[in-house]
Amino acid sequence: MVVCEMETDHQNEEMDVENLSSMWPEHVGGAQPHNQFNVEKPAGDSDTLKEVDIAEKRTMADLKRLPELMNTTDQGSSQLTNLVKQWEYMQDHAVRLLREELKILTKQREEAEAKELKIIEEHNFETEEPENVPVLDESSDLLRRFKEKKRDALVGRKRIEIDEEFDTVAYWKQKALSMEKMLEASTERERRLIEKLEESLKTMESHSAPVEELTQNLKRAEGFLHFILQNAPIVMGHQDKDLRYLFIYNKFPTLREHDILGKTDVEIFHGGGVKESEDFKREVLEKGKASKREITFETDLFGSKTFLIYVEPVYNKAREKIGINYMGMEVTDQVIKREKMAKLREDNAVRKAMESELTKTIHITEETMRAKQMLATMSHEIRSPLSGVVGMAEILSTTKLDKEQRQLLNVMISSGDLVLQLINDILDLSKVESGNVFRFLILLCGHVSRFLCCCFLGVMKLEATKFRPREVVKHVLQTAAASLKKDLTLEGNIADEVPILVVGDVLRIRQILTNLISNAIKFTHQGKVGIKLKVIPEPSFASDNALNADAEEQNGLAETSVWIRCDVYDTGIGIPENALPCLFKKYMQASADHARKYGGTGLGLAICKQLVELMGGQLTVTSTVNLGSTFTFILPYKVATSNDHSDDQDEFSDMVDHQPEPDDTTEGYFQFKPLLGSIYSNGGPVVGNNFLPHKVMLTSPLKLINGFVDNTGQSEAVQVENGGYMDEARNETRSGHCPESAHQYENGNGQCPSKESESCSSSQASSEMESELTVSSPREDVKTENEVKETSKQPKILLVEDNKINIMVAKSMMKQLGYTFDIANNGVEAINAVKCSCYDLVLMDVCMPVLDGLKATRLIRSYEESGNWDAAVEAGVDIKTLEDKQMCMRSTNRLPIIAMTANTLAESSEECYANGMDSFISKPVTLQKLKECLQQYLH
Amino acid sequence: MDAHVAQLQMQYRNYILSLYQQGFLDDQFTELKSLQDDGSPDFVAEVLSLFFDDCVKLVGNMARALDQTGTVDFCQVGANVHQLKGSSSSVGAKRVKGLCINFKELCEAKNYEGCVRCLQQVDVEYKTLKAKLQDMFNLEKQIVQAGGIVPQVDIN
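Residues numbered from 1 in each chain as written. Chains lettered and ligands numbered in written order. Predicted model: local features only at pLDDT ≥ 70, side-chain atom pairs only at ≥ 80, totals over all residues. Heavy atoms only, no water.

- By the naming in an unreviewed UniProt entry, chain B goes by Histidine-containing phosphotransfer protein and is assigned to Brassica carinata.
- Here chain B is described in UniProt, under the heading Function (unreviewed entry), as follows: "Functions as a two-component phosphorelay mediators between cytokinin sensor histidine kinases and response regulators (B-type ARRs). Plays an important role in propagating cytokinin signal transduction." (UniProt positions renumbered as here; feature names shortened; annotations may be inferred.)

- Chain A goes by histidine kinase in an unreviewed UniProt entry, where it is assigned to Brassica carinata.
- Note on chain A: under the UniProt heading Subcellular location (unreviewed entry), the record states "Cytoplasm".

Structure (structure tokens):
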């Protein structure tokens, strides 16, 4: 039995040795408690093993090149020393193992020998006990069988020959002897085996085959790992359950191993991120699930660095958590890059958003520009035919007409005038602002005639002109009556105390009245609509009205102010009380039903309110459902004396009845019936209607023709009051050398009086007029050009223009108008001309070579302010030396400079004004425009 | 004889109207005509001959500028276009003026192809106008020779 065991052990030992290479990793794993690497620990083993496996798996791909790399790279060779050391450790370990085995074997053998001795002694004492035989037999059989087997296998067959007879003493003696021999042989064999074993142990130490293979494997694995990890910014570690480091691999250590091992993160470093990483590790440990996280450390030890950390829990064989494996890679640069990228992307997005915003703005601006341009074009397109209509109507009015026809014509002309005036306002590009363009276009689509100008409210300048409230009221009613399609009575009632002549912005006031009246008519189906005017004391809200002061300044006259209350009343459907608050809001009507039923934009009232407020007044409304509404606006006006206005050509001379009765201008009551039948009757004691012409629009292509019809006896006062008379006088005079004018006159009414007859019939008025013209109204160029030439000093005009065709045309026009002028071809010439002589007016082209009109004007203005031409010299203008100092006497006065613009956007009127120009004429320059301009600026 | 004059006058009137209707001329031409009086009987003809001389010169300038093999001086072309625009505007040469407005934009956009195209159009247009106006003057002359007076044509 013992031998058997012994021998089996030996065999196993041999087998172990044979299989060492494949078994080795397990042994290494299981038996390294004494390993001198202080980084070793049970859990690390499995890792090592895994990595070895990985290395072997990759052999196919990598190992062919690995040794090469190992030998050719510094990293590789530096590892060899480590490998050698490790190999030695392993050899030592193997030897130790074998020695231990040997010890055990020796012990077992000693035990076996002791046993054998005992057996022999027993045999010697009890050889004759038969009951033992079977046992012995049995055992001897077993022994024999075994021995035979062993002999066959190891020693060869040796038979024990016993010659003596069985069961005799000799036999037993012989048997004992032979058995002793066998024992000796066995002992001898055993001894040989031990020798062999020792020998084998010795050879094993020098037996390099498995060790070398292992070493090579290890070398490869380690070499691979180190080759890979050599310069990798990687930290690896293993921490136990308490997160104390058991192992750490750090290629660039800032701490030595003994500073780290056995400590936790928080014990090692301080600073930002440490706690976070510790918490993260704990979390992984608790959850038992591998996980990654990016943590930025801010420590004294290694500054600010970001690590991508991978943590996985580690289990022992009993599936208990024993710690974590931890791997960190420094990704600071990548994080910075990534953040930079994110920031770039963000910036990009912002920039893109800005770009699109900008594009939108540009688009809107372009749209605005286009709209502006379109507006200018459109206004022009509207104006041209309209001026034709008005002009024709005016000519028509000089023909023989009956009373009714004349009245109709008057309405037509004054409505036309109104529209023309509004369009002129629009054409003045300085008033067109982007925001208003759209509002304007919206309006234009809807209520062209009614609200044409309202959109310009925000930028509109109020004009102060003299007008007669009675005329205005009457005319508004007349106009409304002309298009009235309902059986309504329109009436006007003006209190006696209302002045005959007041100063205000008649155009806007008329607009308000027209709006309110048409509104009233719209919502009234029967009964009447009317206007009531009366004077009221100054309301409290107006005590500190700035506009008042402005108006006063503008007017320049210290007239007394008067507040007039105007009621526009109707007997219509009325407005429910709850709708009153939103009545004046834009685009609102009292109710949606109303909007559907009555249409309209709902802008009218809002505009009226704005207009009234703009003029420093107030618009209110009272209403009773089904009984009617009253819109009331109160406005301040200046009172003009009736003498003042006769010479005022700019006056908006509304239609007026010139009646023989002395109360023609003071009549306080009018009534109009709808024009359904053949006639609308004038309520008062009207016998005849006299027509006085309207001021023809500046841009009218027709010559200014003023009919002057005297159907009935005409009071002298009326003639004097009529500014148009003077126009006529001029035209009359000029007609001699203006064939077109004469031609038109031929079409005129035969009753049209000649100048001579006129002055004869009303000599008193004429003389009165003449005196006023020369004395009180110097601004008006009421005399004929001939007269101007004769009576006043010829004004000095400078034309600055580079285009010779333009010069030629202008020259011809000036000749027609009776003026001469000097010519400068560019801004520099202009400056020199201005410097050398005194001009009363400069007509300045904007776009010119050398120095453009805007710059030239700026320089001239700068000279006027400073008294020297330094600015011009600075700007590089070649200033000729001044020869006559006295010539610049006029420098204290502002020289009127009129721009001549092509009316393109590049030459906007704003720019002209901004550069110090006083006005502008749009090109192409026409005689009419030039005349207007010269009249305005030449005193 | 009178019938002949009347016919010529009618022809003249229709011809002038057609010039307006076809957009060759605009109100400014009327303005120009109205400036012609006994004091300057050939005013229109003088201005127009100046204008067409100008056209020849300016178109020539622009053609040279645009014919440069290297970089085209658009500023120079633009200045010429501006001149032409001003002149055509002043004489009421509506079509030429319209082309000039486009031309100027193209010039500012430094659109070479567009400029060349536009220049060709301008060239054709002013020559056409010149021929048309030549016809008009011939008609006027015929009327005067026939003992008639040149009628005022009211384009409105």
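## Observations concerning the side chain of Thr 926 of chain A
1) Next: Residue position: Thr 926 of chain A is located in the loop between β19 (919-922) and α33 (927-937).
2) Next: Among residues more than four places away in sequence, those in contact with Thr 926 of chain A are Met 813 of chain A together with Gln 28 and Glu 31 of chain B. (Helix = DSSP H or I, 4+ residues; strand = E, 2+ residues; numbered from the N terminus. Contact = heavy atoms within 4.5 Å.)

## Digging into the interface of chain B and chain A
1) Next: Chain B puts 26 residues into the contact, and the matching count from chain A is 24 residues.
2) Next: Buried surface at the junction of chain B and chain A, summed over both partners, amounts to about 2,100 Å²; 56% is from carbon and sulfur atoms.
3) Next: Across the pair Asp 54 of chain B and Lys 804 of chain A runs a salt bridge, and its minimum N-O distance is 3.2 Å.
4) Next: Applying the counting criterion to the chain B and chain A interface returns nine residue pairs in polar contact (both at pLDDT 80 or more).
5) Next: Counting residues per element, the ones that place at least two in the side of chain B that touches chain A are α2 (27-35), α3 (43-66) and α4 (74-91) of chain B. (Buried area = accessible area lost by both parts, 1.4 Å probe. Salt bridge = Lys/Arg side-chain N within 4 Å of Asp/Glu carboxyl O. Polar contact = N/O pair within 3.5 Å; in protein donor to acceptor, adjacent residues only side chain to side chain.)

## Topic: the packing of helix α1 (residues 2-21) of chain B against helix α6 (residues 112-145) of chain B
Residues and elements named next belong to chain B.
1) Next: Remark: α1 packs on α6, axes separated minimally by 10 Å, with the N-to-C direction vectors making an angle of 160°. Overall, the two elements α1 and α6 adopt an arrangement that is roughly antiparallel. Considering how the two elements wind past one another, α1 and α6 form a crossing that is left-handed. Across from Leu 8, Gln 9, Gln 11, Tyr 12, Tyr 15, Ile 16 and Leu 19 in α1, the residues of α6 making contact are Lys 132, Leu 133, Asp 135, Met 136, Leu 139, Glu 140, Gln 142 and Ile 143. (Axes fitted to C-alpha atoms, helices over the stretch in contact; angles between N-to-C directions. Parallel < 35°, antiparallel > 145°, perpendicular 65-115°, else oblique. Left-handed = near helix turned anticlockwise from the far one by under 90°.)

## Describing the sheet that holds strand β16 (residues 821-824) of chain A
Residues and elements named next belong to chain A.
1) Next: What the five strands build is an open sheet, ordered β16-β15-β17-β18-β19; its pairing is parallel. Whereas interior strands pair on both sides, the edge strands pair on one side only; in this sheet they are β16 and β19. Each strand axis lies, on average, 20° off the axis of its neighbour in the sheet, ignoring direction.
2) Next: Here strand β18 (residues 897-901) runs beside β19; their pairing, made up of four bridges, is parallel. Bridge pairing links Ile 898 to Ser 919 in β19.
3) Next: Seen against the sheet, helix α29 (residues 827-836) touches β15 (797-800), β16 and β17 (841-845) and runs at an angle of roughly 165° to β15.
4) Next: Strand contacts of helix α30 (residues 853-866): β17 and β18, with the helix running at about 150° to β17, the strand carrying the most contacts. (Pairing = 2+ DSSP bridges.)

## Describing the packing of helix α17 (residues 469-482) of chain A against helix α18 (residues 506-522) of chain A
Residue and element names in this part refer to chain A.
1) Next: Relative to each other, α17 and α18 sit at 40°, their axes nearing to 10 Å. If you check the angle between α17 and α18, you find them oblique. Viewed along their axes, α17 and α18 form a crossing whose handedness is right-handed. Listed contacts from α18 to Val 472, Val 473, His 475, Val 476, Leu 477 and Ala 480 of α17 are Val 506, Arg 510, Leu 513, Thr 514, Ile 517 and Ile 521.
2) Next: Here the contact of α17 with α18 is composed, by residue class, of nine nonpolar, two polar and one charged. (Nonpolar A, V, L, I, M, F, W, Y, C, P; charged D, E, K, R; others polar.)

## Structural notes on the pattern of salt bridges
Residues and elements named next belong to chain A.
1) Next: In total, this model carries 24 salt bridges over all chains according to the counting rule given.
2) Next: In this structure, Glu 283 engages Lys 287 in a salt bridge whose closest nitrogen and oxygen atoms are separated by 3.4 Å. Separated by four residues within a single helix, Glu 283 and Lys 287 lie in helix α12 (residues 274-287), roughly one turn from each other.
3) Next: A salt bridge links Lys 609 to Glu 613; its shortest N-O distance comes to 3.1 Å. In this pair, Lys 609 and Glu 613 are both assigned in helix α21 (residues 604-614), four residues apart and thus about one turn of the helix distant.
4) Next: The class of Lys 609 is partly exposed, set by a relative accessible area of 24%.
5) Next: Through salt bridges with shared partners, one network takes in Arg 861, Glu 864, Arg 894 and Asp 918. (Buried < 20%, exposed > 50% of the residue type's maximum accessible area, 1.4 Å probe, protein only.)

## Some remarks on the environment of Leu 48 of chain B
1) Next: On the secondary structure map, Leu 48 of chain B appears in helix α3.
2) Next: In sequence terms Leu 48 of chain B and Leu 133 of chain B are 85 residues apart; their C-alpha atoms lie 8.8 Å from each other.

## Let's talk about the sheet that holds strand β6 (residues 321-330) of chain A
Residues and elements named next belong to chain A.
1) Next: Strand order in the open sheet made by the six strands is β2-β1-β6-β5-β4-β3, with antiparallel pairing throughout. Of all the strands in the sheet, the pair left with one neighbour each is β2 (245-250) and β3 (271-272).
2) Next: In this structure, strand β4 (residues 291-299) lies alongside strand β5 (residues 303-315), joined through nine bridges in antiparallel fashion. Bridge pairing links Thr 299 to Gly 303 in β5.
3) Next: Relative to β4, α12 is tilted by about 160°, and along the sheet it contacts β1 (234-240), β2, β3, β4, β5 and β6.

## Describing α18 of chain A
1) Next: An ideal rise of 1.5 Å per residue puts 24 Å on 17 residues; α18 of chain A measures up with 24 Å between its terminal C-alpha atoms.
2) Next: In terms of burial, α18 of chain A is largely enclosed, as 15 of its 17 residues are buried. (Expected span 1.5 Å × (residues − 1).)

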